[in-house]
Amino acid sequence: MSEQADVREALHQYALSAPKTSGVYLWRDEKDIVIYVGKAKSLKNRLSSYFASKRDIKTRILVSRARRIEYIQTDNEYEALLLENNLIKKYKPRYNINLKDGKTYPVLKITNERYPRLYRTRRIQNDGARYFGPFPNVPAVDDFLSLIKRTYTLRQCKRLKKREPCLYFHIGRCSAPCADKISETDYRKDIDEIALLLEGDLKKPLAELTEKMKAAAAAREFEKAARIRDGMQAVRALRGQNSVEDMDPESRDYIGWAAEGALITFTVFKMRGGKVVGRDLYRTESLKDEAEVLPEFLIAYYTDPKQIPPHIFVCAGQEYELAEQWFADRLGVKVTITTIPLEERKQAAETDSDTENRTTVNEYAYHSDTTEAAAAEKTPVYGAVTPDEADTTPVSGSASEPEISKQTAATSNSAGRSEISERSAADRLPPSVLRRHKAALAMAQFNAKEDAARRVKELGDFPALEELQKILSLDRPPHRIEGFDIAHLHGKYTVASLISFKDGNPDKKNYRIFRLRTTDGIIDDYASMREAVARRYTRLLNEAAELPDLIMIDGGIGQVNAAKAVLDALELDIPLVGLAEKNEELYRPHINKPIVLPRRSAALRVLQRVRDETHRFANTRNNRLRSKEELHLQFEQLPHIGEKRAARLLRSFSSIEKLAAASAEAAAAAARITQAQAEEVIAAARETAARSSSL
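Residues numbered from 1 in each chain as written. Predicted model: local features only at pLDDT ≥ 70, side-chain atom pairs only at ≥ 80, totals over all residues. Heavy atoms only, no water.

A. Quick look at the overall build of the protein chain. Counting its secondary structure elements, the protein chain contains 23 helices and 19 strands. Surface summary for the protein chain: the accessible area is close to 35,300 Å², and the carbon and sulfur share equals 49%. (Helix = DSSP H or I, 4+ residues; strand = E, 2+ residues; numbered from the N terminus. Areas by Shrake-Rupley, 256 points an atom, 1.4 Å probe, with all protein chains shown as cover.)

Laid out in structure tokens, this is it:
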């Protein structure tokens, strides 16, 4: 195989390993120069498409000249579009030049006048006006401006001068400040409400618009109700989180990091002039305590005083005082490090009292079954069954990765001070500013987590499996692990999820969902677990299929004993462990004392990944069942529609919104009703859709 073919195959494999999330990707040539920047709704699908057999000549040339692919994940396509625009302007890639016109995305401007105007513009000036955006969704901007013009009576003229009211005043589209028909105070109230729609709390203004929409629908003014509905949808579209561009010119960095055992990934998002202009991704290995990781990275990463921004944002719960002192004493730079609270981290308690009541890794104590455990074993009888070296190469950004220092920083008495300062710093930020920083930091954290997970997938999680073998006294490492979880809503829509991990990574082709029969309508997690385990392994035995090396149950001793009783009835000797979410404790059958592993334990991490995946998979199916039934009930509430007709309409239109937009003839044909009845159905569907869109 030629060198060119080797490179193409390596790029293809990298594309196949990309996540199915939105983001921006960069192609680099042999000199590491960016030659193309693109965006994608699904990075995996988009990047993989470049290697399809039948592609045009331009695509084949691009792939032939590429040597490396990078990608940056975003929360949504909106952010990907903005980030793509910024990176194209920064790198000016060869294959993007003829595809972009160099324009910026529009913003909304509230002028700095006695009676301000609101309009769309692409020019941002230092004129005291208030700017909101940018907004790549131009139709949503136009819908929003249309809503404002029909809901608020702002002035329409570019120059305000004393005169008689114009036509806009007489048709109710302007309050005529030029003729003193409105006070400055009342006019400012409207401006403040509009600003609230763009950056404040949406609850009150949307509630008022909802009432207006309902009133229009009740008066059978459906076109007016639809315009208000479209306007509210435009507001929500414009308010979609944008963490890659804002109006704050201050230079700042957002640092996220994630660990998978000893593997650690740091992501640094650089914001300059209100735009994300770069991302650095660094990989290393460390067994240090979490509190020591971040300050060590900060000291190693920031070495040039000219490149250090005045503000750095990190996740709450991290210690940073020593890094701030280092910047001031050694580099002569004053840097403000602000912690932003994201999701709370799950922390296993490690107090002395906990240690007394739990079994450690090296202790295995056997006790009699508790009442809970005994109840779980009421099982029906089932029929007979015929590390290599650490990768420290930077993925993007600087030419070489900073060496992560091995010094241990003294952190005495800093935890309490950090917690107080984190709360006070976050409390001082306005809600809209805090939301913006949270979104940017969450994006950095998301990219770090994805890269850490990708490293585990690339390398395999063999150290974790070996540790798990030792802890649970298994005969061999559990190369295949199957996990179970139960999900229901007050006993309804009960499902069990079965997920499979192979060598520490998800094996999605072996995922299964069980719609449980014996417990639908009742709350009995033990019976649900028994049914799911019985159905799974009865089938595997009948088919003489491969059995797992370990079964993990999402739950405590009760669920574990319930599953164990089924395995005993089927005469299967498969190791079994439960992971209780509250304190991350491991339970084995018939042993009441749990095993408590260190928080950084690789074995605990792989079990947490299995547990979290079973939880996600079960909840996804449970929510889908609930949504389907709720939608069916919505159709049944329409006039002249019963259970059978609702099923026909659901098959034809799939949602109330699509039915509301359909013609009476189409509805009559689908539900097999008269034209007059269909018109009543359509009118009721429009009212229901209007109410739903306001929620």
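B. Structural context of the packing of aromatic side chains. For the structure on display, the rule yields 16 aromatic pairs. When the ring of Y14 is compared with that of Y71, the centres are 5.7 Å apart and the planes differ by 40 degrees; the resulting orientation is tilted. Of this pair, Y14 sits in helix α1 (residues 3–16) while Y71 sits in strand β3 (residues 68–73), and the two are 57 residues apart along the sequence. The class for Y14 is partly exposed, based on a relative accessible area of 22%. Judged by its relative accessible area of 3%, Y71 falls in the buried class. Ring geometry for F484 against Y537: centres 5.9 Å apart, planes inclined by 65 degrees, an arrangement best described as edge-to-face. Linking F484 in strand β12 (residues 480–489) with Y537 in helix α17 (residues 525–543), this pair joins segments that are 53 residues apart in sequence. (Phe/Tyr/Trp six-rings, centres within 6.5 Å; stacked < 30°, edge-to-face > 60°. Buried < 20%, exposed > 50% of the residue type's maximum accessible area, 1.4 Å probe, protein only.)

C. Representation of the sheet that holds strand β5 (residues 118–121) in the model. Here 3 strands make up an open sheet; going across it, the order is β5-β4-β6 and the pairing antiparallel. Edge positions in the sheet fall to β5 and β6 (130–132), since each of these pairs with one other strand and no more. Strand-to-strand twist across the sheet, computed as the mean angle between neighbouring axes with direction ignored, equals 30 degrees. Of the strand pairs in this sheet, strand β4 (residues 107–110) and β6 are connected by 3 bridges, and their pairing is antiparallel. Paired with I110 across the strands is R130, a residue of β6. (Pairing = 2+ DSSP bridges. Axes fitted to C-alpha atoms, helices over the stretch in contact; angles between N-to-C directions.)

D. A look at the pairing of β12. The buried count for β12 comes to 8 of 10 residues, which makes it a mostly enclosed element. Where β12 meets strand β13 (residues 492–502), 9 bridges bridge the pair, whose relative direction is antiparallel. Across the sheet, the residue bridging to G483 is I499, located in β13.

E. Structural detail: the packing of α17 against helix α18 (residues 557–569). Packing of α17 against α18 leaves a shortest axis separation of 9 Å and a crossing angle of 35 degrees. Relative to α18, the crossing made by α17 is right-handed. Listed contacts from α18 to D525, Y526, M529, R530, V533, A534 and Y537 of α17 are G558, Q559, A562, A563, V566 and L567. Looking at side-chain class alone, the contact of α17 with α18 contains 9 nonpolar, 2 polar and 2 charged residues. (Left-handed = near helix turned anticlockwise from the far one by under 90°. Contact = heavy atoms within 4.5 Å. Nonpolar A, V, L, I, M, F, W, Y, C, P; charged D, E, K, R; others polar.)

F. Spotlight on the nonpolar core. Core analysis: the biggest nonpolar cluster contains 34 residues, and L108, L118, F144, I148, L154 and I194 have the highest contact counts within it. For this core, the elements supplying multiple residues, two or more each, are α4 (77–91), β4, α5 (138–151), α7 (184–199), α8 (203–218) and α9 (222–238). Among the nonpolar cores identified, the runner-up in size contains 25 residues, and F484, I486, F514 and I553 belong to it. (Core = buried A, V, L, I, M, F, W, Y, C linked by side-chain atoms within 4.5 Å.)

G. Molecular detail of the state of the cysteines. Enumeration over the complete set of coordinates arrives at 0 disulfides. Between C166, a free cysteine, and C174, which holds the nearest cysteine sulfur, the sulfur-to-sulfur gap is 5.4 Å. Overall, C166 belongs to the partly exposed group, its relative accessible area being 29%. (Disulfide = S-S within 2.5 Å.)

H. Quick peek at the sheet that holds β3. The sheet built from 3 strands is open, its strands ordered β2-β1-β3 with antiparallel pairing. Lying at the two open borders of the sheet, with one neighbouring strand each, are β2 (34–40) and β3. Sheet twist, expressed as the mean angle between neighbouring strand axes with direction ignored, is 20 degrees. Bridge analysis of strand β1 (residues 23–28) against β3 gives 6 bridges, and the strand direction is antiparallel.

I. Spatial organisation of a positive patch on the surface. Taken together, the side chains of R150, K212, K224 and R227 present a region of like positive charge at the surface. Structurally, the position occupied by K212 is in helix α8. Looking at K212, the relative accessible area reads 43%, which means it is partly exposed. (Patch = residues over 30% accessible without salt bridge, like charges linked within 9 Å, V, L, I, M, F, W, Y side chains within 5 Å. Salt bridge = Lys/Arg side-chain N within 4 Å of Asp/Glu carboxyl O. Lys, Arg positive; Asp, Glu negative; His and termini not counted. Charge placed at Lys NZ, Arg CZ, Asp CG, Glu CD.)

J. Region of interest: α7. Compared with an ideal rise of 1.5 Å per residue, which puts 16 residues at 22 Å, α7 spans 22 Å between its outermost C-alpha atoms and is within 8% of the ideal. Every buried residue of α7 is listed here: Y187, D190, I191, I194, A195, L197 and L198. Viewed end-on, α7 has its buried residues packed into an arc of 155 degrees, placing them on one side of the element. (Expected span 1.5 Å × (residues − 1). Arc of directions from axis to C-beta.)

K. Spatial organisation of the pattern of salt bridges. This structure, assessed with the given rule, holds 21 salt bridges. When the shortest N-O distance is used, the salt bridge between D32 and R28 registers 3.9 Å. Since its relative accessible area comes to 9%, R28 is described here as buried. Taking the shortest distance from any N to any O, the salt bridge between D451 and R283 comes out at 2.8 Å. One network of salt bridges, in which partners are shared, links R28, D32, R68 and E70.

L. Region of interest: the side chain of T494. Inspection of the secondary structure puts T494 in strand β13. Setting aside residues no more than four positions away along its own chain, T494 makes contact with I486, A487, H488, F514, R515, L516, T519, D520 and S528.

M. Representation of a nonpolar patch on the surface within the structure. Where nonpolar side chains cluster on the molecular surface, the patch consists of L167, Y168 and I171 and spans about 330 Å² of accessible area. Looking at where Y168 falls in the secondary structure, it is placed in helix α6 (residues 167–170).

N. Seen up close, the packing of helix α20 (residues 643–653) against helix α22 (residues 664–671). At a closest axis distance of 8 Å, the pairing of α20 and α22 adopts a crossing angle of 125 degrees. Compared by their axis directions, α20 and α22 come out oblique. As for how α20 packs across α22, the hand of that crossing is right-handed. Facing R645, R648, L649, S652 and F653 of α20, the residues of α22 in contact are A666, A667, A670 and A671. Per-class residue counts for the contact of α20 with α22 are 6 nonpolar, 1 polar and 2 charged. (Parallel < 35°, antiparallel > 145°, perpendicular 65-115°, else oblique.)

O. Region of the structure containing α17. For α17, which comprises 19 residues, the first-to-last C-alpha distance of 27 Å matches the rise-based estimate of 27 Å (1.5 Å per residue) to within 8%. Its side-chain oxygen 3.2 Å from the backbone nitrogen of Y526, D524 forms the N-cap of α17. Backbone geometry just after α17 places A544 at a positive phi near 55 degrees. (Polar contact = N/O pair within 3.5 Å; in protein donor to acceptor, adjacent residues only side chain to side chain.)

P. Inspection of unusual backbone geometry at higher detail. The phi dihedral of R220 falls on the positive side, at around 60 degrees, and the residue is not glycine. Inspection of the secondary structure assignment puts R220 in the loop between α8 and α9. Unlike most non-glycine residues, S473 shows phi in positive territory, near 55 degrees. Tracing the sequence through the fold places S473 in the loop between α16 (462–472) and β12. The exposure class assigned to S473 is exposed, which follows from its relative accessible area of 54%.

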